[in-house]
Amino acid sequence: ARRPQVLDAYLQKLYAALGMAVLCAAVGAVLICYFVARRHTVPMLELNRFAQELASGKLSWRLLWPAKGELGALSGSLNSMADSLSTLVEQHAKDNYELLAILASIGEGVIATDTRQRILLVNQAAERLLEFEADKVQGKLLWEVVRIEPIVRATREVLEGHAEGSFQVGPV
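Calculation rules
- Residues numbered from 1 in each chain as written.
- Predicted model: local features only at pLDDT ≥ 70, side-chain atom pairs only at ≥ 80, totals over all residues.
- Heavy atoms only, no water.
- Helix = DSSP H or I, 4+ residues; strand = E, 2+ residues; numbered from the N terminus.
- Rg over C-alpha atoms; globule rule 2.2 N^0.38 Å.
- Buried < 20%, exposed > 50% of the residue type's maximum accessible area, 1.4 Å probe, protein only.
- Contact = heavy atoms within 4.5 Å.
- Areas by Shrake-Rupley, 256 points an atom, 1.4 Å probe, with all protein chains shown as cover.
- Lys, Arg positive; Asp, Glu negative; His and termini not counted.
- Charge placed at Lys NZ, Arg CZ, Asp CG, Glu CD.
- Salt bridge = Lys/Arg side-chain N within 4 Å of Asp/Glu carboxyl O.
- Phe/Tyr/Trp six-rings, centres within 6.5 Å; stacked < 30°, edge-to-face > 60°.
- Core = buried A, V, L, I, M, F, W, Y, C linked by side-chain atoms within 4.5 Å.
- Polar contact = N/O pair within 3.5 Å; in protein donor to acceptor, adjacent residues only side chain to side chain.
- Disulfide = S-S within 2.5 Å.

J.: I tried to follow the overall build of the chain on my own but got confused; where do I start?
T.: Helix and strand counts for the chain come out as six helices and two strands. The linear arrangement of helices and strands in the chain, starting from the amino end, is α-α-β-β-α-α-α-α. Taken over the C-alpha trace, the chain has a radius of gyration of 36 Å; the compact-globule value for 172 residues is 16 Å, which it surpasses by more than 25%. If you line up the chain on its principal axes, its C-alpha atoms span 125 × 30 × 30 Å. Residues classed as buried in the chain amount to 19% of the 172 residues present. Counting only contacts in the chain whose residues sit at least 6 apart along the sequence, the fraction spanning at least 24 positions is 26%. When the accessible surface of the chain is totalled, it reaches about 13,200 Å², and 61% of it is carbon and sulfur. Side chains of the chain give 18 positive and 19 negative charges; the mean places of these two sets differ by 19 Å.

Set out below in structure tokens:
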């Protein structure tokens, strides 16, 4: 009779030790999974933040971790893209500044429209000649702003391909 009690006590100790081992293994597995997942999600979160900063126009941001694996290659590509985009934006601003300087220095009135006759650019001479303010007419249709029929007609002919790309209305 004594033997089953001793055996039961040993079995209880064995089950308790086994339960503790399983619990420790489960906690260890959870910790390992947490650190492995964190190791992979932190770079992804950083990539996401970088993309959001680029989308908001902050072109000076760069990713600064060593290039290893797919995430390293992706970060290098995104940094290169940001460099190219920054260069393009700087060149566009320079070109735009030069274009505006040229337009301002031209003595004749210049109105640039798109193919739908929406006003894109107006120089100061055109403002004076046609008596309107450039910032108030930009984006409007030419015929809404300019009520001089020869200008509207000539513009329509240019867009339809029946006339030259520039024209003169009135005395020079």
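J.: How should the pattern of salt bridges be read in this particular structure?
T.: When the charged atoms of two side chains lie near each other, side chains of opposite charge can form a pair. Overall, the coordinates contain six salt bridges when judged by the stated rule. The partner of E149 in a salt bridge is R156, with the nearest N and O atoms 3.8 Å apart. Residue R156 is classed as partly exposed on the basis of its relative accessible area of 35%.

J.: What is the right way to look at the packing of aromatic side chains in this model?
T.: The relative placement of two aromatic rings is captured by the distance of their centres and the angle of their planes. Applying the stated criterion across every chain, the model contains one aromatic pair. A ring pair is formed by Y34 and F35, whose centres lie 5.2 Å apart and whose planes are at 75 degrees; its orientation type is edge-to-face. Residue classification places F35 among the exposed residues on the basis of a relative accessible area of 54%.

J.: What exactly am I supposed to notice about the nonpolar core here?
T.: Soluble, globular proteins show a tendency: their nonpolar side chains are buried together. I119, V122, A126, F132, A134, V137, L142, V145, V146 and I151 form the largest nonpolar core, which has 10 residues in total. Looking at this core, the elements that each hand over two or more residues are β2 (119-122), α4 (134-137) and α5 (142-145). Every residue in contact with V122, bar those within four places of it in the chain, is listed here: V110, I111, E127, F132, A134 and V137. Counting seven residues, the second largest nonpolar core, distinct from the first, contains L47, L54, L59 and L78.

J.: Is there a simple way to think about unusual backbone geometry in this case?
T.: Most peptide bonds take the trans form, and the phi angle of most residues other than glycine is negative. A positive phi angle, near 65 degrees, is found at Q117, a position not held by glycine. Mapping Q117 onto the fold places it in the loop between β1 (111-113) and β2. Overall, Q117 belongs to the buried group, its relative accessible area being 10%. In this structure, E131 takes a positive phi of about 60 degrees despite not being glycine.

J.: Help me understand the side chain of N123 in this model?
T.: The residue N123 is located in the loop between β2 and α3 (124-130) in this model. Accessibility expressed as a relative area gives 2% for N123, which makes it buried. Separated by 2.8 Å, the side chain of N123 and the backbone nitrogen of V110 make a polar contact. Setting aside chain neighbours within four positions, we find N123 in contact with L103, I106, E108, G109 and V110.

J.: For this particular structure, what's the right way to read the side chain of S75?
T.: Tracing the backbone shows S75 in helix α2 (residues 69-105). Judged by its relative accessible area of 2%, S75 is buried. Once residues within four sequence positions are removed from consideration, S75 is found in contact with L47, L63 and W65.

J.: Would you explain the state of the cysteines in this entry?
T.: Applying the stated criterion across every chain, the model contains zero disulfides. Distance from the sulfur of C24, which forms no disulfide, to the nearest cysteine sulfur (C33) is 16 Å. C24 sits in the exposed class, given a relative accessible area of 52%. The exposure class assigned to C33 is exposed, which follows from its relative accessible area of 54%.

J.: Sorry, what's going on with the environment of V89 here?
T.: You can see V89 is positioned in helix α2. C-alpha of V89 to C-alpha of A55: the two residues are 34 residues apart in sequence and 13 Å apart in space.

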